[in-house]
Structure formats: C-alpha cells, structure tokens
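# Results of the structural survey
In case you want the letters, here they are:
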Amino acid sequence: MKSRVFSGIQPTGLITLGNYLGALRQFVDLQDQSDAFYCIVDMHAITLPQDPHQLKERIHDLASLYLAVGLDPQKSTLFVQSDVSAHSELGWILQCVVHMGELSRMTQFKEKGEGKEVVTAGLFTYPALMAADILLYQTHLVPVGDDQKQHLELTRDLALRFNARFGDTFTVPDIMLIKQGARIMSLDDPSKKMSKSNPNPGSRIEMLDPPDVIRKKVSRAVTDSDRQIRFDPQEKPAVSNLLAIFSVISGQSIDELVAAYDGKGYGDFKKDLGEALVAHLSPIQARYEDIRQSGEVERILQQGAEKARQVANDTLANVKERVGLGG
Ligand code: AMP
Ligand code: TRP
C-alpha cells in the first residue's frame, strides 16, 4: 500500500518562495510515490481576521498555484478544509484531549499573537485543529517547513494519548523536513523566516512577482559584511540563505556554487540568482494565469472534497464510537 501523505497551506496571502521551497515543491515530488492529500486550510486562516471576499479569492488563487507548480488532481487529492466538516468535529474532540499547558508552549501562537490587541481562542487552539487535519487521514508522512515541527510533535503526542486511552485509532504520523529549503529566511533580515505576513514586501519573493520585481528584490537583499561567497549560516547568514535558495532553484550543490563564484563579488552572484529565479518561476506563472482563467479549479476542489470526505468520515465515525459520542 502506498503511504499516506497529508499537508496544508493557509490561504492567507500570496505564497512565498519560502512556502514553495519548504513545502509545495515537496508536495509535487511526493505525489507519484504516495497517496497524497493537500488541503487549503481556510479554517486556520480565520484564526486571524480576514476579509471575506478576499479570503474566497485567495482560496482559488492558492488552488490555482497548487496546480501550476505541478500538482495533478489525478494523482493527489486537492481540497478545502471547510468543505469537509469532519475537520471541525475532530478538532473539537482533540481540544478535549490536548492540555492547556501544551498549547501554551506553542511558539507560533505566541508569535502570531504578539502585539495584537486581542487574540482569539481559535489562534490558541489552532494546533488541535491541525492535529485533526492530519489524523483524520491516517497519515504516515507530513511534508512541512521547519516552523511546523512543534505542531507535528504535538500531533504525535495527541495520537499516542488518544490511542492509549481509547484503543488503537490513529496512525502516528512522521514529519518530513527537507534539508535545504526547510527554512528560507527573509531577504532583509536573515534572522527571521521569509513570511507572507512581513509588512515589508522586499523581505520576500512571492511566487507571482513579475521578473523585474524578482531581480530588484534579489539585488536589494542584505548581504554580510565581507565580500566572500561561502556557506556559513552562523557567520554569514544572509549569503548562506541566498546560496541555499540558489542551490535548490538551480539544482547545483552549494559547493559547486561556492566554487563557481570564488573571487567574484556579490553583484555577479545576485544577478545570476535573480535570473535563475526568473527562469524557474516564469513557467509556473504562465501556467497559473491559464489555470486561474480556466474555471476548472472549482470542479477540481469539489471532487477533492468528495474523496477527502470518504476517508475523513470513516475515521470520525470510529473516533465517535470509541469516545462514546452520538445517539
Ligand atoms: P503557511 O504559510 O504558514 O501556511 O505555511 C505553509 C507551509 O510553508 C508550511 O509547511 C511551512 O512550514 C512552510 N513555510 C512557510 N514559510 C517558510 C519558510 N520561510 N521556509 C521554509 N518553509 C516555509
Ligand atoms: N499550521 C500550518 C502552517 O501554518 C498549516 C497547516 C494546517 C498544516 N494544517 C496542517 C500543515 C496539516 C500540515 C498539515 O503552515
């Protein structure tokens, strides 16, 4: 039997190069050898305020991008979280399994809540819903970026706790991190991860940035004090981040790149990186436009939800039975 893969991305803004290298690219690699479910987690998105009209658009934007990077609805199941009500139901049950202390230790909730006047209870219990997403599908592997490690560990703990209390119900999932690209940093500050929510657009490359914008953002990216191009995340975090991006995008190893730019300055290096990014992203952008116009996306998402419901409802029925819920 093929292993089950599950992952999700929030429809909260334009996807960054960080999302792509940390998550989306792996989704495509995994679809041939596994039974993959990729979810647009709109209910996670509303843990922070969203404009309703914009949220709807972004769900379709993200689905179009899933398809444009090469996800094939014949191979992977693509769907929207709120179309499968089992997620909310299991999310609630897991809120009654997770401890307040465990949720309080999650760093994402602290980061996202920082400086906000009010923080919703949903932002706090977010990891219980994420655990429900994963456990409903009896998932073996979850490809995600490094920032989701803590949530995955909690998901495993909840699966083990539930299984111990109510009998074997959930597969205990493993996290799948890629070595390079698991954490792409901001272009303006290599101590922060590249993020959709950073107020400075120059801090990130967005998947749909036009070529000139990509070139300009790369040329303005901060570098480190000396002029050497070498990979040293401690001493030279900015250049190391650019090298990591260049390596994944071009398929050349970091050592090859370091050798190729030996004795050259940051200017040449950034110019070539900008061109490599444009060459990699342009075909994806062209496909994106076609798909977004095609009107196909809605149908694909409906079919995906249909398939997801079958798997999710089986697990949910079993969970309810074991917990003693229902008439
Ligand atoms: P989010 O945008 O928070 O919904 O994240 C979607 C996926 O992209 C998750 O698997 C994240 O771990 C991954 N991700 C987000 N930002 C980065 C980054 N800067 N580097 C690598 N992966 C990332
Ligand atoms: N919490 C993830 C993020 O912010 C998104 C997410 C929600 C997710 N549910 C998931 C990722 C299930 C993997 C599996 O990036």
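Note that the coordinates shown come from a computational prediction; the quantities given were computed from them, not determined experimentally. (Residues numbered from 1 in each chain as written. Chains lettered and ligands numbered in written order. Predicted model: local features only at pLDDT ≥ 70, side-chain atom pairs only at ≥ 80, totals over all residues. Heavy atoms only, no water.)

This paragraph deals with the pattern of salt bridges. Counted under the stated rule, the structure contains 19 salt bridges. With its nearest N and O atoms 3.6 Å apart, the salt bridge here joins Arg-183 to Asp-146. Highlighted residues: Arg-183 in the loop between β5 (174-176) and α9 (211-220) and Asp-146 in the loop between β4 (141-143) and α8 (149-166), separated in sequence by 37 residues. When its relative accessible area of 26% is taken as the criterion, Asp-146 is described as partly exposed. With a closest N to O distance of 3.5 Å, Glu-306 and Arg-309 form a salt bridge. With Glu-306 and Arg-309 both in helix α13 (residues 297-323) and three residues apart, this pair spans about one turn of that helix. Among the charged side chains, a network of salt bridges with common partners joins Asp-226, Arg-230, Asp-232 and Lys-236. (Salt bridge = Lys/Arg side-chain N within 4 Å of Asp/Glu carboxyl O. Helix = DSSP H or I, 4+ residues; strand = E, 2+ residues; numbered from the N terminus. Buried < 20%, exposed > 50% of the residue type's maximum accessible area, 1.4 Å probe, protein only.)

Next up on the list: the pairing of strand β1 (residues 3-9). Among the seven residues that make up β1, five are buried, leaving the element largely enclosed by the rest of the structure. In this structure, β1 lies alongside strand β2 (residues 34-40), joined through seven bridges in parallel fashion. Residue pairing for β2: Phe-6 is matched across the bridge by Phe-37. Taking the sense of rotation as the criterion, the β-α-β connection linking β1, helix α1 (residues 17-30) and β2 turns out right-handed. (Pairing = 2+ DSSP bridges. Right-handed = clockwise from strand over helix to strand, strands pointing away.)

Where α1 contacts helix α10 (residues 237-250), the axes come no closer than 12 Å and their chain directions differ by 50 degrees. With respect to each other, α1 and α10 are oriented oblique. Taken as a pair, α1 and α10 cross one another with a handedness that is left-handed. Seen from α1, the contacting residues are Leu-17, Leu-21 and Arg-25; seen from α10, they are Ile-245, Val-248 and Ile-249. Of the residues contributing to the contact of α1 with α10, the split by class is five nonpolar, no polar and one charged. (Axes fitted to C-alpha atoms, helices over the stretch in contact; angles between N-to-C directions. Parallel < 35°, antiparallel > 145°, perpendicular 65-115°, else oblique. Left-handed = near helix turned anticlockwise from the far one by under 90°. Contact = heavy atoms within 4.5 Å. Nonpolar A, V, L, I, M, F, W, Y, C, P; charged D, E, K, R; others polar.)

Among the 17 residues in the neighbourhood of ligand 1, the closest are listed as Gly-145, Asp-147, Ile-184, Met-194 and Lys-196. Here an oxygen atom of ligand 1 sits 2.4 Å away from a polar atom, N or O, in the side chain of Asp-147. Protein burial of ligand 1: of its 490 Å² of free accessible surface, 93% is covered by the chains. Looking at which element gives the most residues to the shell around ligand 1, the answer is α1, with four residues. (Near = heavy atom within 4 Å. Polar contact = N/O pair within 3.5 Å; in protein donor to acceptor, adjacent residues only side chain to side chain. Areas by Shrake-Rupley, 256 points an atom, 1.4 Å probe, with all protein chains shown as cover.)

Nothing here speaks to function; it is all geometry.
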